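# Examination of the molecular architecture
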Amino acid sequence: MTKNQMIAKIQEAERQAWSSYQNAQELAATDKFGNIAKDMEKQSRTRWATLYELMHDLEIGPKA
């Protein structure tokens, strides 16, 4: 795997994690699913933040 391919995979994973986090936020805001949705939101936020920090550490930006 080339460096550019690896960067593209990290960017795509970050984009998907951000989308998942936004969806989890919407579910948590409805209070329809209670603590399960809030736990999903926390896990999604952690996953996205980890990938975002990795991108920052590698000095690459999000995929446009």
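Above this note sits the structure.
Residues numbered from 1 in each chain as written. Predicted model: local features only at pLDDT ≥ 70, side-chain atom pairs only at ≥ 80, totals over all residues. Heavy atoms only, no water.

### Let's talk about the side chain of E41
Definition in use: In this text, helices come from DSSP runs of H or I with a minimum length of four residues, and strands from runs of E with a minimum of two, each type numbered from the N-terminal end. When a residue's accessible area, from a 1.4 Å probe over protein chains only, is under 20% of the maximum for its type it is buried; when over 50% it is exposed; and in between it is partly exposed. Positive charges come from Lys and Arg alone, negative charges from Asp and Glu alone, with His and the N- and C-terminal ends not counted. A pair is scored as a salt bridge if a Lys or Arg side-chain nitrogen falls within 4 Å of a carboxyl oxygen belonging to Asp or Glu. Residue contacts are defined here by distance: any two heavy atoms, one from each residue, within 4.5 Å place the two residues in contact.
When you line up the elements, E41 lands in helix α2 (residues 35–57). As a buried residue without a salt bridge, E41 has its nearest oppositely charged side chain in R45, at a separation of 4.4 Å. If near-sequence neighbours (up to four positions away) are discounted, E41 is found in contact with Y21, A24, Q25 and A28.

### Quick notes on α2
Since one α-helical turn is 3.6 residues long, residues separated by three or four positions face the same way. Selection criterion: Here a helix's expected span is defined as the number of its residues, less one, multiplied by 1.5 Å.
Between its terminal C-alpha atoms α2 stretches 33 Å, which fits the 33 Å expected from 23 residues at 1.5 Å a residue. At its buried positions, α2 is contacted by α1 (3–30). Backbone geometry just after α2 places E59 at a positive phi near 60°.

### Some words on the pattern of salt bridges
In the structure shown here, the tally under the stated rule is 1 salt bridge. A salt bridge links E12 to R15, with the nearest nitrogen and oxygen atoms 2.5 Å apart. With E12 and R15 both in helix α1, this residue pair falls 3 residues apart, about one helical turn. Looking at E12, the relative accessible area reads 23%, which means it is partly exposed. The class for R15 is partly exposed, based on a relative accessible area of 43%.

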